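What follows is the residue order along each chain.
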Amino acid sequence: MEHRATSLRLPVPAQDVLLALFVTVMQVQGTLAKIAAEGASRPLTDLGYLGYVLLVVSGVAVTVRRRWPVPVFVTAALASLAYYALDFPDGPGWLGLFVALYTLAAHGDGRRSLVTAGVGTTVLAVGWLVAAADIEPRAAIGWVFFRIGASVMSVALGESVRSRRVIAADAQERAELAERTREEETRARVDAERLRIAREVHDTVAHAIAIINVQSGVTAHVLDKKPEVAREALRAIEQTSSRALREMRAILGVLRDDDNERLPYPGLGQIEELTAKAREAGLDIELEETSPAAPLPNAVGSVAYRILQESITNVIRHVGPTRVRVALSPGIEALEIRVTDEGRRAAPGDVPADPHLPAKLGRGILGMRERCQLLGGELYASPLPGGGFEVKARLPLAPTGSRL
């Protein structure tokens, strides 16, 4: 329907032609009707039909009002001044002038157009008042003040339309800029995550290779003389290489801060602190945590903590105070994580929130998914049918080799 309505809309030049025709007919016909009802001191046919010419010129000028708003206004203003100065009969001969004033303000450039319209209206007011100095009856001077007031209102209406158009254009530009910024931020987050992964893998590999190099040297030195020591060194090499492979797959390690100091990587042991901070932010968090049969690998605990942290942060950022349920279910083969929220709590006058917002923005979700995939796990994030949002992740307790 919208496409059909757009296709039936006339082109702008055709609209202006029809408007000019309407204004011209109304000015001429309205003036003739008033003459027939009240008479006139000077008929429109005087001075070579000059009255008709002035009414037609000010009406026809509307045809090009959008292309040349200032010349159209000047033409209509001069026609009006000449019309009333020559004492032609008063009537709706000001329609074209009012349209020209509106167009000058609505399609102008703001301040300069308003100055032009203000100066022109002042000149018109003075000219009309001078022409009506000896008008009879005196009550008819009210029409002069009507023309002045209507001129001011036409300018005000045009400026209002122009201002709204400018505001709408600025809002559209800001929305496009925000969208571009959001995309750039998403790409930056992905790049930063990849850089972090590269740094962690570098640290892990460098540390493991250094240990293996030392232990292999010891093994070569004592292999014949002290086989027990060599056996212990080989066992250390096996453990170190195995641990290094697991850490590489799990992106486990430590990052350097700005001072190049080693910082411990967070794990599930800090989940109580995380939920406490979330409660301080206004969330009603229900935590369901099952104790694992065996200690979780550090890699799994670190990734699980980051998923919980990002999920809770998204709720705080996009939803606000609400009820959140966090469930941690460690099994024999994998740790399952589920974070659900009930969505924004409606208040009188609130605009309903878009339940797809976190998914559309993608803030943090790409990073969480990449962490899971590097562990060989999976992550799903989607809105719930009844409102709210859900993040589910499955982290294998033993990383798969295909994800390296």
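Our structure is the block above this text.
A few points on the structure. Predicted model only: the values in this text are computed from it and were never measured. (Residues numbered from 1 in each chain as written. Predicted model: local features only at pLDDT ≥ 70, side-chain atom pairs only at ≥ 80, totals over all residues. Heavy atoms only, no water.)

**Observations regarding the environment of Val 229**
Phase 1: Counting through the fold element by element, Val 229 comes out in helix 8 (residues 227-250).
Phase 2: Since its relative accessible area comes to 37%, Val 229 is described here as partly exposed. (Helix = DSSP H or I, 4+ residues; strand = E, 2+ residues; numbered from the N terminus. Buried < 20%, exposed > 50% of the residue type's maximum accessible area, 1.4 Å probe, protein only.)

**Brief notes about the side chain of Glu 390**
Phase 1: With respect to the helices and strands, the residue Glu 390 is situated in strand 5 (residues 389-396).
Phase 2: Side chain to side chain, Glu 390 and Arg 338 meet in a polar contact 2.5 Å long.
Phase 3: Setting aside chain neighbours within four positions, we find Glu 390 in contact with Arg 338, Val 339, Thr 340, Tyr 380, Ala 381, Ser 382 and Leu 384. (Polar contact = N/O pair within 3.5 Å; in protein donor to acceptor, adjacent residues only side chain to side chain. Contact = heavy atoms within 4.5 Å.)

**What about a nonpolar patch on the surface?**
Phase 1: Taken together, the side chains of Leu 10, Leu 18, Leu 21 and Val 25 define a hydrophobic patch exposed on the protein surface, amounting to about 370 Å² of accessible area.
Phase 2: With respect to the helices, strands and loops of the structure, Leu 21 is situated in helix 2 (residues 12-38).
Phase 3: The exposed category is assigned to Leu 21, whose relative accessible area is 53%. (Patch = residues over 30% accessible without salt bridge, like charges linked within 9 Å, V, L, I, M, F, W, Y side chains within 5 Å. Areas by Shrake-Rupley, 256 points an atom, 1.4 Å probe, with all protein chains shown as cover. Salt bridge = Lys/Arg side-chain N within 4 Å of Asp/Glu carboxyl O.)

**Some words on the packing of helix 2 against helix 3 (residues 46-60)**
Phase 1: Across the interface, helix 2 lies against helix 3 with an axial gap of 7 Å and an inter-helix angle of 155°. Relative to helix 3, helix 2 is oriented roughly antiparallel. Helix 3 is crossed by helix 2, and the crossing has right-handed handedness. Residue-level inspection shows Ala 20, Val 23, Thr 24, Gln 27, Val 28, Thr 31 and Leu 32 of helix 2 in contact with helix 3, the latter providing Tyr 52, Leu 55, Val 56, Ser 58, Gly 59 and Val 60.
Phase 2: Here the contact of helix 2 with helix 3 is composed, by residue class, of eight nonpolar, five polar and no charged. (Axes fitted to C-alpha atoms, helices over the stretch in contact; angles between N-to-C directions. Parallel < 35°, antiparallel > 145°, perpendicular 65-115°, else oblique. Left-handed = near helix turned anticlockwise from the far one by under 90°. Nonpolar A, V, L, I, M, F, W, Y, C, P; charged D, E, K, R; others polar.)

**Notes on the nonpolar core**
Phase 1: Ile 307, Leu 308, Leu 335, Ile 337 and Leu 395 are the most contacted members of the largest nonpolar core, which has 32 residues in total.
Phase 2: Ranked by residues supplied to this core, first place goes to helix 10 (residues 298-318) with nine residues.
Phase 3: If sequence neighbours within four positions are ignored, Leu 335 has contacts with Leu 268, Leu 296, Val 300, Ala 304, Ser 329, Pro 330, Ala 393, Arg 394, Leu 395 and Leu 397. (Core = buried A, V, L, I, M, F, W, Y, C linked by side-chain atoms within 4.5 Å.)

**A word on the packing of aromatic side chains**
Phase 1: Counting across every chain of the model gives seven aromatic pairs.
Phase 2: The interplanar angle of 80° and the centroid separation of 5.2 Å between the aromatic rings of Tyr 83 and Tyr 84 together place this pair among those described as edge-to-face. Take Tyr 83 and Tyr 84: they sit in the same class, and that class is buried.
Phase 3: These aromatic residues form a ring-pair network of at least three members: Tyr 83, Tyr 84, Phe 88 and Trp 128.
Phase 4: Taking NZ or CZ as reference, Arg 147 lies 3.8 Å from the ring centre of Tyr 84, over its face.
Phase 5: Its end group placed over the ring of Trp 128, Arg 147 keeps NZ or CZ at 4.9 Å from the ring centre. (Phe/Tyr/Trp six-rings, centres within 6.5 Å; stacked < 30°, edge-to-face > 60°. Lys NZ or Arg CZ within 6 Å of the ring centre and 35° of its normal.)

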